[in-house]
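# Understanding the architecture of this molecule
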Amino acid sequence: MEEQNSGEIVGIREGRPDDAPLLAELVNYAGEGMPLYLWGRMAEPGETAWDVGRRRAGRPSGSFSYTNAHIVELDGEVAGVLMGYEVPPDPEPIPADMPAILIPLRELENLAPDTWYVNVLAVMPKYRGRGNGSRLLGLADEISRNCSKPGMSVIVADNNTGARRLYERLGYRETARRGMVKEDWISDGQEWVLLVK
């Protein structure tokens, strides 16, 4: 899919295995450092947190996989990414071994059954303000319709007012909140906010 945008060629393509390093960077950016914190906890001896992120992004399955990524390119450069997946109509119970930091997120996700979940929406800073976030969310709407999902869902940090404004402008509304569990992850946010459309 390509279109003109203020003299730039805009392309949206599916993710590829060789996108893994960039996906790790964008996911960590969108997750405000929490992914890197978690990857550091998962690292094997001799492996860095970034190695874990790249390895996970390069897998052919899982919620954080290149197979769930859609990349926006402007003039041949990656400008942003959309990653998402279907939340089942009857979500699975939260596993007993899930890290505490992820439990509030999973609780909120489970409150939006049978939706298409926007797991990651990230636009590189130099490409913001050009409609790329809205363009990616338009693609998310299309994917949701193609999956016959009756709605969309996303979780944002309460202090991420820019992202929240974007989602609300496009029809998302707050339906629930959960307090953050931070462990040693540093964030100015206090709560996770579930938005549904």
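Details of the structure are given in the entry above.
I will try to describe carefully the structure that is included in this document.

Cut-offs applied
Residues numbered from 1 in each chain as written. Predicted model: local features only at pLDDT ≥ 70, side-chain atom pairs only at ≥ 80, totals over all residues. Heavy atoms only, no water. Buried < 20%, exposed > 50% of the residue type's maximum accessible area, 1.4 Å probe, protein only. Helix = DSSP H or I, 4+ residues; strand = E, 2+ residues; numbered from the N terminus. Pairing = 2+ DSSP bridges. Arc of directions from axis to C-beta. Contact = heavy atoms within 4.5 Å. Salt bridge = Lys/Arg side-chain N within 4 Å of Asp/Glu carboxyl O. Right-handed = clockwise from strand over helix to strand, strands pointing away. Axes fitted to C-alpha atoms, helices over the stretch in contact; angles between N-to-C directions. Parallel < 35°, antiparallel > 145°, perpendicular 65-115°, else oblique. Left-handed = near helix turned anticlockwise from the far one by under 90°. Nonpolar A, V, L, I, M, F, W, Y, C, P; charged D, E, K, R; others polar. Core = buried A, V, L, I, M, F, W, Y, C linked by side-chain atoms within 4.5 Å.

## Concerning the pairing of strand β3 (residues 69-74)
The element β3 is largely enclosed, with a buried count of 5 among its 6 residues. By the bridge criterion, 6 bridges tie β3 to strand β4 (residues 77-86) in an arrangement that is antiparallel. Its bridge partner being in β4, Ile-71 is matched across the sheet by Val-81. Hairpin connection from β3 to β4: 2 residues lie between these consecutive antiparallel strands, with Asp-75 at a positive phi of about 50°.

## Looking at helix α4 (residues 103-110)
Residues three or four positions apart in an α-helix share a direction because the helix packs 3.6 residues into each turn. Of the residues making up α4, those classed as buried are Pro-104, Leu-105, Leu-108 and Glu-109. All buried residues of α4 project into a common sector of 140° when viewed along the axis, lining one side. Looking at the buried side of α4, the elements it contacts are α2 (34-42), β4, β5 (115-123), β6 (151-157), β7 (173-179) and β8 (191-196).

## Section: the pattern of salt bridges
Oppositely charged side chains may form a pair once their charged atoms are brought near each other. Applying the stated criterion across every chain, the model contains 15 salt bridges. Note that Glu-107 and Arg-178 form a salt bridge whose closest N and O atoms lie 3.1 Å from each other. You can see Glu-107 sitting in helix α4 and its partner Arg-178 sitting in strand β7, a full 71 residues away along the chain. A relative accessible area of 30% means that Glu-107 is categorised as partly exposed. Here Arg-178 falls in the partly exposed class, since its relative accessible area comes to 29%. Through salt bridges with shared partners, a single network forms among Arg-164, Glu-168, Glu-174, Arg-177 and Glu-191.

## What to know about the pairing of β5
Most of β5 sits inside the fold, with 8 of its 9 residues counted as buried. Judged from the 7 bridges that link them, β4 and β5 form a sheet pairing that is antiparallel. If you follow Val-81 over to β5, its bridge partner there is Ala-122. Where β5 lies against β6, 4 bridges are found, and the strand directions are parallel. Opposite Tyr-117, over in β6, you have Ser-153 as the bridge partner. On the question of chirality, the crossover connecting β5 to the parallel β6 by way of helix α5 (residues 132-146) is right-handed.

## A short note on the packing of α5 against helix α6 (residues 161-169)
Two quantities define a packed helix pair, namely the angle between the helix axes and the distance between the axes. Viewed as axis vectors pointing N to C, α5 and α6 meet at an angle of 50°, and their least axial separation amounts to 11 Å. Relative to α6, the element α5 is oriented oblique. Once α5 is placed against α6, the crossing between them reads as right-handed. Note on element contacts: α6 touches α5 through Leu-166, Tyr-167 and Arg-169, opposite Gly-133, Ser-134 and Leu-137. Looking at the contact of α5 with α6 residue by residue, the classes come out as 3 nonpolar, 2 polar and 1 charged.

## Describing the packing of helix α1 (residues 20-30) against α2
α2 packs onto α1 with a crossing angle of 115° between their chain directions and a minimal axis gap of 6 Å. Across the interface between the two elements, Ala-24, Val-27 and Asn-28 of α1 pack against Met-34, Pro-35, Leu-36 and Trp-39 of α2. Of the residues in the contact of α1 with α2, the class split is 6 nonpolar, 1 polar and no charged.

## Observations regarding the nonpolar core
Judged by nonpolar contacts, the single largest core of 42 residues is most densely connected at Val-81, Leu-82, Val-118 and Tyr-167. Among the elements that make up this core, the one with the highest residue count is β5 (6 residues). Not counting chain neighbours up to four residues away, the residues in contact with Val-81 comprise Leu-23, Leu-26, Ala-69, His-70, Ile-71, Val-120, Leu-121, Ala-122 and Leu-136.

## Remarks on the environment of Leu-108
Position of Leu-108 among the secondary structure elements: in helix α4. Here Leu-108 falls in the buried class, since its relative accessible area comes to 0%. Setting aside residues no more than four positions away along its own chain, Leu-108 makes contact with Ile-155, Ala-176, Arg-177, Arg-178, Trp-192, Val-193 and Leu-194.

The values reported here are purely geometric and, on their own, carry no functional implication.
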